[in-house]
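One letter stands for each residue in the lines below.
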Amino acid sequence: MRHRTYTLDQAAPLLNLGRNTLARRLREAGVLGDDNLPAGRYRGNTCLVLVATGTYWHPICGWTHYGRTELTDAGLDHVADRLGITIDHLPAHHARRAAATHHARSAS
C-alpha cells in the first residue's frame, strides 16, 4: 500500500512551523537523528515515517546517494501530538477513488 507523504518542507506549514524549527524539534524529540533521518523506533516504521532514497550527480564526488525523510498522514498526526501542536485540519486522505460507483449499461 502506498502512503501519501510529506517532506519536511511540506509538513512544516501544516504544523505551523518553519522547516528548520520542525527538524530541530523532531531531533530533540528523538524522532530524527543528527542526519535528519528516522531514529530509534521510528526507523522502519513505514506507517509514520518513510525514507525516500535516490542519487544525484555531484561535480566533485560523482554520483552521490541521499535519503530524505517523509511523513505520512498518520505521521503528521503523531508528530503533532508528540510536539504538543494543535492542528485544525490536515488534507483529506484519498486512498480510493471517489468515482468507485459503477453504473449498469443498457443492452440496447
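One can find the structure itself at the top, above this paragraph.
My aim in this report is to walk through the structure given alongside it, one point at a time.

About the thresholds
The written sequence of each chain sets the order in which its residues are numbered from 1. Local features in this predicted model are restricted to residues whose pLDDT is 70 or higher, and side-chain atom pairs enter the listing and the counts only when it is 80 or higher, whereas totals over whole chains, interfaces and linings include all residues. Side-chain numbers here rest on the full set of heavy atoms in the structure, without hydrogens or water. The secondary structure listing takes helices from DSSP runs of H or I that are at least 4 residues long and strands from runs of E that are at least 2 residues long, numbered from the N terminus. Only protein chains enter the area calculation, which uses a 1.4 Å probe; residues under 20% of their type maximum are buried, those over 50% are exposed, and those in between are partly exposed. Between N or O atoms, a polar contact is any pair within 3.5 Å; within protein, one atom must be a potential hydrogen donor and the other a potential acceptor, and residues adjacent in sequence are included only when both atoms are from side chains. Note on contacts: a residue pair is in contact if any heavy atoms of the two residues lie within 4.5 Å. Only when DSSP finds a minimum of two bridges between them are two strands counted as paired. The angle between two axes is taken between their N-to-C directions and runs from 0 to 180 degrees, where each axis is a line fitted to C-alpha atoms and a helix contributes only its stretch in contact. For our purposes a nonpolar core is just a set of buried Ala, Val, Leu, Ile, Met, Phe, Trp, Tyr and Cys residues, chained together by side-chain atoms within 4.5 Å.

The next thing to look at is the side chain of Thr 69. Its location among the elements puts Thr 69 in strand β3 (residues 62–72). Judged by its relative accessible area of 5%, Thr 69 is buried. From its side chain, Thr 69 meets the backbone oxygen of Asn 36 in a polar contact 2.5 Å long. Once residues lying within four places of it in the same chain are set aside, the contact partners of Thr 69 are Tyr 6, Thr 7, Leu 8, Leu 32, Asn 36, Leu 37, Pro 38, Val 49 and Leu 50.

A sheet is described by the order of its strands in space; here three strands give the open sequence β1-β3-β2, paired in antiparallel fashion. The open sheet has two edge strands with one neighbour each: β1 (5–7) and β2 (49–58). Mean inter-strand twist for the sheet, computed between neighbouring axes without regard to direction, equals 40°. The sheet contact formed by β2 and β3 spans ten bridges and is antiparallel.

Side-chain positions along a regular strand alternate between the two faces of the sheet. As judged from the three bridges shared by β1 and β3, these two strands associate in the antiparallel manner. Paired with Tyr 6 across the two strands is Leu 71, which belongs to β3. In textbook terms, the turn of a hairpin is the stretch between consecutive antiparallel strands, and for β2 and β3 this stretch comprises three residues.

Attention shifts here to the nonpolar core. If you look at soluble globular proteins, the nonpolar side chains tend to sit buried side by side. With 21 residues, the main nonpolar core has Leu 15, Leu 22, Leu 26, Val 79 and Leu 83 as its most contacted residues. Contributing elements (two or more residues each) for this core: α1 (8–14), α2 (19–28) and α3 (73–83). Ranked by the residues each element gives to this core, the list is headed by α3, at four residues. Apart from residues lying up to four places away in sequence, Val 79 is in contact with Leu 15, Leu 22, Leu 26 and Leu 71.

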